[in-house]
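Notes for the structure review
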Amino acid sequence: MSQAHLSVSQHTTADHVRVLAPAGEIDHTTAGTFRQALTTEDGCVRHTVIDFRHVTFMDSSGINVLVAADNAARNSGGWLRLAHTPRPMLDLLHIVGLDDVIPLYPTLNEALAREAAA
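Residues numbered from 1 in each chain as written. Predicted model: local features only at pLDDT ≥ 70, side-chain atom pairs only at ≥ 80, totals over all residues. Heavy atoms only, no water.

Some thoughts on the pattern of salt bridges
Applying the stated criterion across every chain, the model contains three salt bridges. Between Arg74 and Asp70 there is a salt bridge, and its shortest N-O distance comes to 2.8 Å. Residue Arg74 and its partner Asp70 are located together in helix α2 (residues 60-75), separated by four residues, close to a single helical turn. Residue classification places Arg74 among the partly exposed residues on the basis of a relative accessible area of 46%. The salt bridge involving Arg87 is made with Asp91; its shortest N-O contact spans 3.5 Å. Remark: Asp91 and Arg87 occur in helix α3 (residues 87-95); sequence separation between them is four residues, near one turn of the helix. For Arg87, a relative accessible area of 55% translates into the label exposed. (Salt bridge = Lys/Arg side-chain N within 4 Å of Asp/Glu carboxyl O. Helix = DSSP H or I, 4+ residues; strand = E, 2+ residues; numbered from the N terminus. Buried < 20%, exposed > 50% of the residue type's maximum accessible area, 1.4 Å probe, protein only.)

Following this line, the structure appears as structure tokens:
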């Protein structure tokens, strides 16, 4: 069995929103990489959008990272949003009820535009 691969690129918008773009698979072998990418230098996740368009698989390890990141964001007065989530991941998020907790947007632009309107 081969080990999953995950890379995460990121940037910060002019509005100070962190945008993460993971690519690959999120499972027990890559969850640490995903968790580390979500953690800022001061340990807080304030305003983050995750663009999932290049994620090909996610299991419960990824769900656990999302729950922890959402809790950290809320505890620091921020938020976490998900964008461009592929159908299999949307189904998983719905099954575990996370789609009722973390806002989902069809595109990255829509996830970011919501901040401008808020």
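Focus: the confidence of the model for the protein chain
Scored by pLDDT, the protein chain comes out at a mean of 90, with 91% of its residues at no less than 70. For the protein chain, helix α4 (residues 108-117) is the element with the lowest average pLDDT, namely 78, and strand β2 (residues 18-26) is the one with the highest, namely 97. (pLDDT = per-residue confidence, 0-100.)

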